[in-house]
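Observations on the model geometry
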Amino acid sequence: MASAKDPDIVVYFEGEFQPLANAKVGLLTHALHYGTAVFEGIRGYWSEEDQELYLFRPREHYERWRANARLLRMEVPLSAMELCEMTRELIVRNRFQCDVYVRPLVYKSRQTIGVHLSPETDYAVVVVPFGKYIESGQGLRVCVSSWRRLNDNAIPARGKISGAYVNSALAGDEARANGYDEAILLTEDGHVSEGSACNIFLVRHGQLVTPPVSDDILEGITRATVMDLAREMWIETVERRIDRSELYVADEIFFAGTAFEVAPVIEVDRRPVRSGTIGPLTHRLREAYTNVTRGKTARDSHWRMPVYRKAVSETAR
Ligand code: PMP
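Being a predicted model, the structure only gives us computed values, none of them experimental.

Definitions and limits used
- Residues numbered from 1 in each chain as written.
- Predicted model: local features only at pLDDT ≥ 70, side-chain atom pairs only at ≥ 80, totals over all residues.
- Heavy atoms only, no water.
- Helix = DSSP H or I, 4+ residues; strand = E, 2+ residues; numbered from the N terminus.
- Rg over C-alpha atoms; globule rule 2.2 N^0.38 Å.
- Buried < 20%, exposed > 50% of the residue type's maximum accessible area, 1.4 Å probe, protein only.
- Contact = heavy atoms within 4.5 Å.
- Areas by Shrake-Rupley, 256 points an atom, 1.4 Å probe, with all protein chains shown as cover.
- Lys, Arg positive; Asp, Glu negative; His and termini not counted.
- Charge placed at Lys NZ, Arg CZ, Asp CG, Glu CD.
- 1 Å grid on protein atoms, 1.4 Å probe; cavity = no way out; pocket = protein on both sides within 12 Å on 5 of 7 lines; lining within 4 Å.
- Points joined across faces, edges and corners; volume = space filled by probe spheres on them.
- Nonpolar A, V, L, I, M, F, W, Y, C, P; charged D, E, K, R; others polar.
- Domains from an automatic or database assignment.
- Near = heavy atom within 4 Å.
- Polar contact = N/O pair within 3.5 Å; in protein donor to acceptor, adjacent residues only side chain to side chain.
- Sits in = over half its atoms within 2 Å of the grid points.
- Phe/Tyr/Trp six-rings, centres within 6.5 Å; stacked < 30°, edge-to-face > 60°.
- Lys NZ or Arg CZ within 6 Å of the ring centre and 35° of its normal.
- Buried area = accessible area lost by both parts, 1.4 Å probe.

Digging into the overall build of the chain
- Helices and strands together make up the secondary structure of the chain, namely eight helices and 17 strands.
- Computed over its C-alpha atoms, the radius of gyration of the chain comes to 20 Å, within 12% of the 20 Å expected for a compact globule of 317 residues.
- With the C-alpha coordinates aligned to their principal axes, the bounding extent of the chain is approximately 55 × 50 × 30 Å.
- Buried positions account for 53% of the 317 residues belonging to the chain.
- In the chain, of all internal contacts separated by at least 6 residues, the share reaching a separation of at least 24 is 69%.
- As displayed, the chain offers around 14500 Å² of accessible surface, 51% of which is attributable to carbon and sulfur atoms.
- Treating the 40 positive side-chain charges of the chain as one cloud and the 44 negative ones as another, the clouds have centres 1 Å apart.

Below you can see the structure in the form of C-alpha cells.
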C-alpha cells in the first residue's frame, strides 16, 4: 500500500491516472505565483469491520469545488458524480485500506508573468493516507488571533481559494508559536468568524450558536453535518453574529471541519471554557460525527460513499 510520500502513488493529473512522481507543473505556473487556484479536502474513512472505505459527503465537496472555481472564472469539466467516480477509481488503483484525504485542485496553468485571471486552467486530484490532523482528544487550547479573517470584498473566504490560505497560515503559525493549538479569527469588524481551517460552534444557554455565512466563513460541510446531527438530537442551531467576549462566557466551544472533525476547545486566551473540560453536547456531537463518518450507524448512510463495494460489484459483472 502506498504512503503519502510514495512517488508511485497514483494521482489524476492532466487528464490521466499517473504516478505522483510524474505529475509536475512548470516554474511559471500562474497559480504558483499568484495563488489562483481553488481546492477541496475530502476525507475517506477505512472501516476494518466492514472492510470498506467510506468517502464522506464527496458529492457535496465536489459541488462546492465546482461552484467555487467559478469565482476565479474556472470550470471543472466533470460533474460532481463523475468526480466521485474518478476518486473511487483513484483509491482502488492505490489499493488504500486506511483513512485517506482527497485533495482536488483546479488552478490557473498558464506559464506566464502577469496578474490576471488567464483562461487556461487544469485540475488534479490526489489521494493520500491521512490520520489525525490535530490531536484534540483532550481538548484544544486556543487564542484569538491578532490577524483578522480576510474579507469577502478582498478575497472571498467561502471560495477555498489557495492564495487565501496565507491568512490561515499566518494565524495558525502565530498561535502555535505562542504555545496555543489553534487560532480563532475575527472578522474585520471584530466578530467571531472561524478557526484557521475549521468552523466554530459555541453552546450558550443550551443553544448551539455558529457565525452566519455572511461573516467571512467557509461554508463548511462539517458545519452543515453538525447542524443536522444536532437537529436529530432536537437541538436547533442559531446562526448569528458572535461577539468576542462570548468566547469567554460560553458553556462549550468546538471546531468543526473535515480535517479537524469535531474538536473540543477547552481554553481561549488562557481562560478555561466552563471548567476547562469537554462539555456534554460537544461530547455527544463528536461521538455522533465519528459514528456517521466511520459507518458505525445505519443512520445518514446517504452521506457515505462506499468505495470497494461498488468496485467489487463492477468486477463481478
Ligand atoms: N474554514 C476553513 C477556512 C477551512 O479551510 C475549512 C476546511 N475545508 C473549514 C472551515 C471547514 O470546512 P469543511 O467542513 O467543509 O471541511
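Comments concerning the layout of surface pockets
- In this structure, the largest pocket occupies an estimated 490 Å³ of space.
- For the largest pocket, the lining is made up of 31 residues, of which Lys160, Tyr165, Ala197, Cys198 and Ala259 are closest to its centre.
- For the lining of the largest pocket, the leading source of residues is helix α4 (residues 165–177), giving five residues.
- Considering only residue class, the lining of the largest pocket consists of 14 nonpolar, 10 polar and seven charged.
- Residues lining the lining of the largest pocket come from more than one domain, with at least three contributed by each of domain 1 (10–129) and domain 2 (140–293).
- Empty space within the second largest pocket amounts to approximately 360 Å³.
- Phe13, Val25, Leu105, Tyr107 and Ala124 are the residues nearest the centre of the second largest pocket, which is lined by 18 residues in total.
- Listing elements by their share of the lining of the second largest pocket, those giving two or more residues are β1 (10–13), α1 (30–34), β6 (100–108) and β7 (121–129).
- In terms of residue count, the dominant contributor to the lining of the second largest pocket is β7 (four residues).
- The residue inventory of the lining of the second largest pocket, partitioned by class, reads 14 nonpolar, three polar and one charged.

Focus: unusual backbone geometry
- With a phi close to 50°, histidine 205 is a non-glycine residue in the positive phi region.
- Looking at the element boundaries, histidine 205 is found in the loop between β11 (199–204) and β12 (207–210).
- Positive phi, normally seen in glycine, also occurs at aspartate 269, with a value near 50°.
- Within the element layout of this structure, aspartate 269 appears in the loop between β15 (261–268) and β16 (271–272).

A few points about the site of the ligand
- Neighbouring the ligand are 16 residues; Arg64, Tyr165, Glu194, Thr222 and Thr258 lie closest to it.
- At 2.5 Å, a side-chain N or O of tyrosine 165 approaches an oxygen atom of the ligand.
- Bound to the protein, the ligand loses 97% of the 380 Å² it would expose on its own.
- Its atoms largely coinciding with the cavity grid, the ligand occupies the largest pocket.
- When contributions to the shell around the ligand are tallied by element, the ones reaching two or more residues are α2 (58–69) and α5 (221–232).
- In the shell around the ligand, the residues fall into five nonpolar, seven polar and four charged.

Quick notes on the packing of aromatic side chains
- Overall, the coordinates contain 13 aromatic pairs when judged by the stated rule.
- Ring geometry for phenylalanine 56 against tyrosine 289: centres 5.8 Å apart, planes inclined by 80°, an arrangement best described as edge-to-face. One end of the pair, phenylalanine 56, is in strand β5 (residues 52–56); the other, tyrosine 289, is in helix α7 (residues 280–293), and 233 residues separate them in sequence. The exposure classification of phenylalanine 56 matches that of tyrosine 289, with both residues buried.
- Every member of this aromatic cluster is reached through a ring pair, and the members are Tyr12, Phe17, Tyr62, Trp65 and Tyr123.
- The side chain of arginine 270 reaches across the aromatic face of tyrosine 180, ending 4.3 Å from its centre.

Comments concerning the domain arrangement of the chain
- The assigned domain composition of the chain is domain 1 (10–129) and domain 2 (140–293).
- Taking the mean C-alpha position of each, domain 1 and domain 2 sit 26 Å from one another.
- Counting residues at the interface gives 20 residues for domain 1 and 20 residues for domain 2.
- Interface of domain 1 and domain 2: buried area, both sides summed, is about 1700 Å²; carbon and sulfur atoms make up 60% of it.
- Broken down residue by residue, the surface that domain 1 buries against domain 2 is led by Phe39, Phe56 and Arg64, which jointly contribute 34%.

Some details on the environment of isoleucine 200
- When you line up the elements, isoleucine 200 lands in strand β11.
- With 55 residues separating them in the primary sequence, isoleucine 200 and phenylalanine 255 have C-alpha atoms 4.5 Å apart.
- Not counting chain neighbours up to four residues away, the residues in contact with isoleucine 200 comprise Ile184, Val192, Ser193, Glu194, Val209, Thr210, Pro211, Leu247, Ile253, Phe254 and Phe255.

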